[in-house]
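Here are the chains, one letter per residue:
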Amino acid sequence: MNVTKEQVDAGQALYTPKMLGFYDFLIIRLIVPYVWKSPIGSRLRLYNANITSNHLEVGVGSGFYLEKTVFPTGSPRLALMDLNPNCLEHTAQRMSQYNPETYRANILEPIELDIGKFDSIGLNAVIHCLPGTMDTKLVVFDHLKKLLNPKGVIFGSTILNIGVEKNWLTNWFMKKYNKRKIFTNLDDDLDTLEKGLKDRFSKTEIQVTGTVAIFRVEL
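About the criteria used
- Residues numbered from 1 in each chain as written.
- Predicted model: local features only at pLDDT ≥ 70, side-chain atom pairs only at ≥ 80, totals over all residues.
- Heavy atoms only, no water.
- Helix = DSSP H or I, 4+ residues; strand = E, 2+ residues; numbered from the N terminus.
- Buried < 20%, exposed > 50% of the residue type's maximum accessible area, 1.4 Å probe, protein only.
- Contact = heavy atoms within 4.5 Å.
- Axes fitted to C-alpha atoms, helices over the stretch in contact; angles between N-to-C directions.
- Parallel < 35°, antiparallel > 145°, perpendicular 65-115°, else oblique.
- Left-handed = near helix turned anticlockwise from the far one by under 90°.
- Nonpolar A, V, L, I, M, F, W, Y, C, P; charged D, E, K, R; others polar.
- Polar contact = N/O pair within 3.5 Å; in protein donor to acceptor, adjacent residues only side chain to side chain.
- Phe/Tyr/Trp six-rings, centres within 6.5 Å; stacked < 30°, edge-to-face > 60°.
- Lys NZ or Arg CZ within 6 Å of the ring centre and 35° of its normal.
- Disulfide = S-S within 2.5 Å.
- Pairing = 2+ DSSP bridges.
- Right-handed = clockwise from strand over helix to strand, strands pointing away.
- Core = buried A, V, L, I, M, F, W, Y, C linked by side-chain atoms within 4.5 Å.
- Salt bridge = Lys/Arg side-chain N within 4 Å of Asp/Glu carboxyl O.

Visitor: How should I be thinking about the overall build of the protein in this particular structure?
Guide: Secondary structure summary: the protein contains nine helices and seven strands in total. Taking the principal axes of the C-alpha coordinates as reference, the protein spans close to 45 × 40 × 35 Å. Within the protein, buried positions represent 53% of all 219 residues. Long-range contacts, defined as pairs at least 24 residues apart, comprise 67% of the intrachain contacts of the protein with a sequence gap of at least 6.

Dropping the structure here:
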């Protein structure tokens, strides 16, 4: 499937400076637990259990989970990667105590940056915003695994539409977000995600909470 620049841009256009100002309250504290039916704590536990002192965060959003996470050391190497410059600037300021590196990149394409490798990579709430099918979107793991050190881990989450429990509110938001191209996930399902990850990694763990698949993979 050929993906256009316009399709890629649509998935991250929501993140304006104004939107990022109330993103934590509206999206993370209201929509995620009450519409997508997935408690914030599940992501916080994921981050605290898997983040390392050499970490790359991909699709940084507002930086909410990074700020709430306890790093293994007081001076970690933290790198931020996103296509949206607003997200990069907002999160870099939020995490300024760690002097984060920032990189602008489209992870649907090979990442041709000389930035070294990492022991952990966070990919939270990104896949459902990418254009394409679940099968084609998983190419991002092929690109990101090249940035991992041996025994490195990639962890994060994505919102599914097929095979998960939804109510009328969930369905309304899902259709609205897909119509506006904020999401492209009407055909995203757990089986395709699980198979794609198992084909690429030696160890795969997936847990579904509400409509959200929370994953952790190792080389």
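Visitor: Please explain the packing of helix H2 (residues 17-34) against helix H5 (residues 85-94) as it appears in this structure.
Guide: In helix packing, the relevant descriptors are the interaxial angle and the interaxial distance, both defined with respect to the helix axes. Where H2 contacts H5, the two axes come as close as 10 Å, and the packing angle between them is 50°. Classified by the angle their axes make, H2 and H5 are oblique. Note that H2 runs across H5; the crossing there is right-handed. Residues Pro-17, Leu-20 and Asp-24 of H2 form the contact with H5, whose own contacting residues are Asn-86, Cys-87, His-90 and Arg-94. Grouping the constituent residues of the contact of H2 with H5 by class yields three nonpolar, two polar and two charged.

Visitor: Explain the side chain of His-55 to me, please; I cannot follow it from the model alone.
Guide: Along the chain, the position of His-55 falls in strand E1 (residues 54-58). Taking relative accessible area as the criterion, His-55 reaches 0% and is therefore assigned buried. A distance of 2.7 Å separates polar atoms of two side chains, one belonging to His-55 and the other to Ser-120.

Visitor: What am I meant to see in the packing of aromatic side chains here?
Guide: Here the distance between the centres and the angle between the planes together describe a pair of aromatic rings. Applying the stated criterion across every chain yields a total of 12 aromatic pairs. By way of ring pairs, the aromatic residues Trp-36, Trp-172, Phe-173, Tyr-177 and Phe-183 are connected into one cluster. Positioned above the aromatic ring of Phe-201, the side-chain terminus of Lys-145 is 5.1 Å from the ring centre.

Visitor: Can you help me understand the state of the cysteines in this one?
Guide: Enumeration over the complete set of coordinates arrives at zero disulfides. Considering cysteine sulfurs only, Cys-129 is the nearest to Cys-87, which forms no disulfide, with 9.9 Å between them. The buried category is assigned to Cys-87, whose relative accessible area is 2%.

Visitor: Which parts of the structure should I look at to understand the pairing of strand E3 (residues 101-104)?
Guide: Consecutive residues of a regular strand have side chains that alternate between opposite faces of the sheet. Relative to E3, strand E2 (residues 77-82) runs parallel, the two sharing four bridges. Along E3, the bridge assignment pairs Met-81 with Tyr-103. Handedness of the E2-H5-E3 crossover: right-handed.

Visitor: In this structure, what is going on with the nonpolar core? I would like to understand it.
Guide: In summary, soluble globular proteins display a tendency toward joint burial of nonpolar side chains. By size, the foremost hydrophobic cluster in this structure holds 36 residues, and its most contacted members are Trp-36, Leu-66, Tyr-177 and Phe-183. For this core, the elements supplying multiple residues, two or more each, are H2, helix H3 (40-50), helix H4 (64-68), E2, H5, strand E5 (148-159), helix H8 (168-179) and strand E7 (212-218). At seven residues, the largest contribution of residues to this core is made by H2. Leaving out residues up to four positions away in the same chain, Trp-36 has contacts with Ile-31, Ile-159, Thr-170, Phe-173, Met-174, Tyr-177, Phe-183, Thr-209, Gly-210, Thr-211 and Val-212. Val-126, Val-140, Ile-154 and Val-164 belong to the second-largest nonpolar core, a separate cluster that totals 32 residues.

Visitor: Would you explain the environment of Leu-138 in this entry?
Guide: Position of Leu-138 relative to the elements: it lies in the loop between helix H6 (134-137) and helix H7 (139-144). We classify Leu-138 as buried; its relative accessible area is 0%. Setting aside its immediate chain neighbours within four residues, Leu-138 contacts Ile-127, Thr-192, Leu-193, Gly-196 and Arg-200.

Visitor: What is the right way to read the pattern of salt bridges from this model?
Guide: In a structure, side chains of opposite charge can pair up when their charged atoms sit close to one another. One pass over the structure, following the stated rule, counts 10 salt bridges. Residue Glu-194 pairs with Lys-198 through a salt bridge whose shortest N-O separation is 3.6 Å. A residue pair is termed a helical-turn pair when its members lie 3 or 4 positions apart in one helix, as Glu-194 and Lys-198 do in helix H9 (residues 190-200) at four residues. On the basis of relative accessibility, which here comes to 29%, the residue Glu-194 falls in the partly exposed class. Between Glu-205 and Arg-216 there is a salt bridge, and its shortest N-O distance comes to 3.7 Å.

Geometric values such as these leave the question of function open.
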